[in-house]
Amino acid sequence: MTAREHDGTFGQLAGEGTERQPLVSDLHLPAAAVGDLVAQLAPVARFADMFARPAEEGLERVLVFTDDQSGGHLRLFCPLEEKFPVPLSLLLPAAYQEECELYELWGVEPGGGKPVNRVILPPSAETEKPLRAPGGKRLSSEVRAPHVVQGEAIEFPWGPIRGAGQESLYLGLVTTGEELLDAYLAMFHKHRGVEHRMVGQTLARALFLAERCEGLGAVGNALAFARAAEAALGLGVEPAAEVTRCLALELERVYNHVASLAALGAATGLSVGQSEAEILLEDCLRLNARALGHRYLFNLVEVGGVRRGVDLAALDAGLDRLEAGYESLVAKLLATNSYVDRLEGAGTITGEVAHRLALVGPVARAAGVGTDLRRSPQVWGTSYVGFEQARERAGDCLARMLVGAAEVRESVRLMRHWVRSGIPLQDDWSAPAPSPWEGGSPAAGLGWAETCRGEALVHLEVAGGQVTFARLRPAAARNWRALDDALRARNVFTDVPIVEASFWLTVAGFAR
Amino acid sequence: MTTSGRDPGSPLPPNTANGDLDAAADQLRERSRTVLRRSLHIRTVDTGSCGACESEIRLLSSPYYDFHRLGLFFTPSPRHADCLLVTGPGCRAMDHAVLSAYEAMPAPKVVVAVGACPLGGVFGADRYTRGAITGLVPVDVVVPGCPPSPLALIHGLLLALGRIEERISPPGGEQ
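Everything numeric in this text was worked out from a predicted model, so none of it was measured.

### A word on the overall build of chain A
- The secondary structure content of chain A amounts to 18 helices and twelve strands.
- The globule rule puts the C-alpha radius of gyration for 512 residues at 24 Å, and the 22 Å found for chain A is close to it.
- Counting every position in chain A, which comprises 512 residues, the buried fraction comes to 62%.
- A separation threshold of at least 6 residues defines the contact pool for chain A, and within that pool the share at least 24 residues apart is 67%.
- When the accessible surface of chain A is totalled, it reaches about 18200 Å², and 51% of it is carbon and sulfur.
- Across chain A, 50 positive and 65 negative side-chain charges occur, with their mean positions spaced 3 Å apart.

### As for the overall build of chain B
- Along chain B, the regular secondary structure elements total four helices and five strands.
- A burial count over chain B gives 56% of its 175 residues as buried.
- Relative to all contacts within chain B whose residues are 6 or more apart in sequence, the contacts with residues 24 or more apart total 77%.
- Only carbon and sulfur atoms are counted for the fraction: they give 52% of the accessible area of chain B, which is about 6800 Å².

### Some thoughts on the interface of chain B and chain A
- The interface of chain B with chain A comprises 45 residues on the first partner and 46 residues on the second.
- Buried area between chain B and chain A, summed over both chains or domains, comes out near 3700 Å², and the portion from carbon and sulfur atoms is 59%.
- Between chain B and chain A we count three salt bridges in total.
- Of the charged contacts, one joins B:Asp126 and A:Arg197 as a salt bridge, the two residues approaching to 3.1 Å between their closest N and O atoms.
- Elements represented by at least two residues in the side of chain B that touches chain A include exactly strand 1 (40–46), helix 2 (52–59) and helix 3 (95–104) of chain B.
- A total of seven residues in the side of chain B that touches chain A trace back to one element, the largest contributor, which is helix 2 of chain B.

### Let's talk about the sheet that holds strand 7 (residues 180–186) of chain A
All names here are of chain A.
- In spatial order, the strands read 5-6-7; together these three strands make up an open sheet with antiparallel pairing. Each edge of the open sheet is held by one strand with a lone partner, namely strand 5 (154–158) and strand 7. Mean inter-strand twist for the sheet, computed between neighbouring axes without regard to direction, equals 20°.

### Quick notes on empty space enclosed by the protein
Residues and elements named next belong to chain A.
- For the structure on display, the rule yields seven cavities of 30 Å³ or more.
- Put simply, the largest cavity is a space of about 160 Å³.
- At the level of elements, helix 7 (239–268), helix 12 (361–365), helix 14 (397–419) and helix 17 (496–503) are the ones that each hand at least two residues to the lining of the largest cavity.
- Looking at side-chain class alone, the lining of the largest cavity contains nine nonpolar, six polar and two charged residues.
- Of the volumes computed, that of the second largest cavity is approximately 110 Å³.

### Re helix 5 (residues 203–213) of chain A
- Summarising burial for helix 5 of chain A: eight of the eleven residues are buried, a large majority.
- Contacts from the buried residues of helix 5 of chain A go to helix 4 (194–198), helix 6 (218–233), strand 8 (301–302), strand 11 (454–463), strand 12 (466–473) and helix 18 (507–510) of chain A.

### Side note on the packing of helix 8 (residues 271–292) of chain A against helix 2 of chain B
- Where helix 8 of chain A contacts helix 2 of chain B, the axes come no closer than 11 Å and their chain directions differ by 130°. Put simply, helix 8 of chain A runs oblique to helix 2 of chain B. In terms of crossing hand, the pair formed by helix 8 of chain A and helix 2 of chain B is left-handed. In this structure, helix 8 of chain A uses A:Glu278, A:Leu281, A:Glu282 and A:Leu285 to contact helix 2 of chain B, whose residues at the interface are B:Glu56, B:Arg58 and B:Leu59.
- The residue inventory of the contact of helix 8 of chain A with helix 2 of chain B, partitioned by class, reads three nonpolar, no polar and four charged.

### So, the nonpolar core
Residues and elements named next belong to chain A.
- Within the largest apolar cluster, 159 residues are counted, with the highest numbers of intra-cluster contacts made by Leu63, Phe65, Leu76, Met198, Phe225, Leu261 and Leu460.
- When residues in this core are grouped by element, the largest group, 16 residues, is from helix 7.
- Excluding anything up to four places from it in sequence, leucine 76 contacts Leu27, Leu29, Leu37, Val38, Leu41, Arg61, Val62, Leu63 and Phe65.

### Some points on the sheet that holds strand 3 (residues 59–66) of chain A
Residues and elements named next belong to chain A.
- An order of 1-4-3-2 is seen for the four strands of this open sheet, with the pairing classed as mixed. Looking at which strands have only one partner, the edges of the open sheet turn out to be strand 1 (24–28) and strand 2 (46–54). Here the strands of the sheet are splayed against their neighbours by 20° on average, with no regard to which way each runs.
- As defined by bridge partners, strand 1 adjoins strand 4 (residues 73–79) across five bridges and the pair is classed as parallel.

### Observations concerning the pattern of salt bridges
All names here are of chain A.
- Inspection of the entire model under this criterion finds 45 salt bridges over all chains.
- The shortest N-O distance in the salt bridge between glutamate 250 and arginine 253 comes to 3.0 Å. Placement of the pair is glutamate 250 and arginine 253 together in helix 7, with a separation of three residues, close to one helical turn. Assigned by exposure class, glutamate 250 and arginine 253 land together as buried.

### Focus on the side chain of A:Asn491
Residues and elements named next belong to chain A.
- Checked against the element boundaries, asparagine 491 lands in the loop between helix 16 (483–488) and helix 17.
- From its side chain, asparagine 491 meets the backbone nitrogen of glycine 347 in a polar contact 3.0 Å long.
- Within the local environment of asparagine 491, its side chain forms a polar contact with the backbone oxygen of leucine 487, the two atoms lying 3.1 Å apart.
- Excluding residues within four positions of it along the chain, asparagine 491 makes contact with Glu178, Glu179, Leu180, Gly345, Ala346, Gly347 and Ala486.

### Observations concerning the confidence of the model for chain B
All names here are of chain B.
- In this model, chain B carries a mean pLDDT of 81, and residues with pLDDT of at least 70 account for 80%.
- Element-level pLDDT for chain B is lowest in helix 1 (residues 18–35), with a mean of 69, against a maximum mean of 96 in helix 2.
- This stretch, residues 1–16, has a pLDDT under 50; its non-local contacts, to residues over four places away or in other chains, come to 33 contacts.
- If you check the scores for this complex, the pTM reads 0.89 and the ipTM reads 0.90.

### Examining a nonpolar patch on the surface
Residues and elements named next belong to chain A.
- Taken together, the side chains of Val86, Leu90 and Leu91 present a nonpolar region at the surface, about 270 Å² in accessible area.
- Note that valine 86 resides in the loop between strand 4 and helix 3 (96–106).
- Look at valine 86 and you get partly exposed, because its relative accessible area is 43%.

### With respect to the packing of aromatic side chains
- Summed over the entire model, instances satisfying the criterion amount to seven aromatic pairs over all chains.
- Plain terms: the ring middles of A:Phe156 and A:Phe493 are 5.1 Å apart, the flat faces sit at 75° to each other, and that makes the pair edge-to-face. Of this pair, A:Phe156 sits in strand 5 while A:Phe493 sits in the loop between helix 16 and helix 17, and the two are 337 residues apart along the sequence.
- Exposure remark for A:Phe156: the relative accessible area of 38% places this residue in the partly exposed category.
- Pairing B:Phe67 with B:Phe74 gives two aromatic rings, centres 4.8 Å apart and planes at 50°, and the pair type is tilted.
- Given a relative accessible area of 0%, B:Phe67 falls into the buried group.
- Taken together, the aromatic side chains of A:Tyr255, A:Tyr296 and A:Phe298 make up a single cluster linked through ring pairs.
- One cation-aromatic arrangement involves A:Arg286 over B:Tyr64; the distance from NZ or CZ to the ring centre is 4.2 Å.
- Positioned above the aromatic ring of B:Tyr102, the side-chain terminus of B:Lys109 is 4.1 Å from the ring centre.

Calculation rules
Residues numbered from 1 in each chain as written. Chains lettered and ligands numbered in written order. Predicted model: local features only at pLDDT ≥ 70, side-chain atom pairs only at ≥ 80, totals over all residues. Heavy atoms only, no water. Helix = DSSP H or I, 4+ residues; strand = E, 2+ residues; numbered from the N terminus. Rg over C-alpha atoms; globule rule 2.2 N^0.38 Å. Buried < 20%, exposed > 50% of the residue type's maximum accessible area, 1.4 Å probe, protein only. Contact = heavy atoms within 4.5 Å. Areas by Shrake-Rupley, 256 points an atom, 1.4 Å probe, with all protein chains shown as cover. Lys, Arg positive; Asp, Glu negative; His and termini not counted. Charge placed at Lys NZ, Arg CZ, Asp CG, Glu CD. Buried area = accessible area lost by both parts, 1.4 Å probe. Salt bridge = Lys/Arg side-chain N within 4 Å of Asp/Glu carboxyl O. Pairing = 2+ DSSP bridges. Axes fitted to C-alpha atoms, helices over the stretch in contact; angles between N-to-C directions. 1 Å grid on protein atoms, 1.4 Å probe; cavity = no way out; pocket = protein on both sides within 12 Å on 5 of 7 lines; lining within 4 Å. Points joined across faces, edges and corners; volume = space filled by probe spheres on them. Nonpolar A, V, L, I, M, F, W, Y, C, P; charged D, E, K, R; others polar. Parallel < 35°, antiparallel > 145°, perpendicular 65-115°, else oblique. Left-handed = near helix turned anticlockwise from the far one by under 90°. Core = buried A, V, L, I, M, F, W, Y, C linked by side-chain atoms within 4.5 Å. Polar contact = N/O pair within 3.5 Å; in protein donor to acceptor, adjacent residues only side chain to side chain. pLDDT = per-residue confidence, 0-100. Patch = residues over 30% accessible without salt bridge, like charges linked within 9 Å, V, L, I, M, F, W, Y side chains within 5 Å. Phe/Tyr/Trp six-rings, centres within 6.5 Å; stacked < 30°, edge-to-face > 60°. Lys NZ or Arg CZ within 6 Å of the ring centre and 35° of its normal.

Set out below in structure tokens:
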């Protein structure tokens, strides 16, 4: 049975019924069969994640694919061998990062002698134990990918401490003078082991950690976590609570796009544009606080619902002000040639690269790749009916800025629709009580949300009211992989902050 | 809001009266003028933050808060810094970078811990993080919050200036 024969619908692939396609389909395979199936899936589905989990007999490899047409997800489970005969990244280049993670977490080499990069552990931990592998296994320095800068090129180090208010990361810019030839990224400095910390915690405590995994994507990550827990425990969510979640998700999207504009203003040296965007950003954060109780919308989502209702009057009034300010700002920016010229043609990601690296969110949509889970009514119910996906084709910084602008307009339209829909959003949503999962039997679930940076995924396993395994895959974890591709695309030194601002990723989301 | 020059149609968030910001700003301006001859230079370091504290720190220089008018500036070099503004739970992989930055700062210097993370309120001490940064560098001022608002940060910087003043002119001691 192949993916093509069944038109890419995962439910049929997994042998499920055809009348109602499930949102998540599971397929258990022997390790030897994975390569063939992955080769068939790669052209028709988007690779979303790969990780290892402890199983009854050793480790199990889990691959997650997303069908962007239906919004469905497919999980492939297979035994994880110590050395896979062929690295999966040969078939799925996007999976290379996860192969590196598997080595540092569990000591499993990609196979085929393929070297790995350091993504979680610092280079000084050359011969340490893998972070989660039992026994006395040690990492080997021979497995590391070489870091070589030769000839007339030099590596210009930037980080881990960078500009004021910037997250820590190391960016090694390889250059012979002005043009960028290559870039090395290292983000292990901020790895906090959030997934590992969740094990043994209650769902409420683990949800708290999911939010702090990436503060500028707190709603999206918390929502993906809550949905994973709800899928595992069979919990439903009240329609009004679901709409409240969507409102928060769109408010988060808006303030992040505005923050990206402020960063672009700073990166291009357009101080007036930067200041105007920062005024708008502060307005957005204050609107968040008035409407939903927190500037960054923390502590809103919970398993089974939301903690607070919405101040509809404040939100309705704030949306008018926000829309006027945003439209005025974007019009002025696009009329400023010195600004547009810096964005046009900088940091280009082609559609082919976006496909190959399985990019998500505005970065993919700016390259013409239509991935947006909000399109699927199967995923979101009726909340997003009429949703229009923003898309550009050029793949450069300007295209990403334009996608952001279109998404803000659509978010405001959706929020206004929900606010005026008559749904009783102002009710005080309290936690489902008593918690039906306490003392429950083992269960697992997959949750997702289309966050401001793209698809966030959470695979969660619970038993007895506690988390027994968690895998978080924020959108930033997918898209950082493409930054060096964007930087290599005929850019000069001064383009680096512009490209980074247009991606608007968080190091925290990667270094979870 | 008179101190920032913003129009009165942009009210502050709930629980924040304009008077609070004005009063704090006036005190901060006066202290930075007398203690540091008009300026305080700040180096920021992220030791594993979720990114929200960084967002609030960036807004300190935005038109709403505009801390440059108070004699406060970010500096890219720790050698020019009077104040180290630290966020995050103290990821161990950042130890070397944080210590290097701190040691490069000239005396008198002050460390401000920003948010719940560096106080140990989010992540505990383990293989990945210290849980709190107090064991790494001497913390003079803590600004709680998750994240602390720009107004809270301005209050924290005001306290930091007081600590620097003590070090320049210890009460009852020699200069």
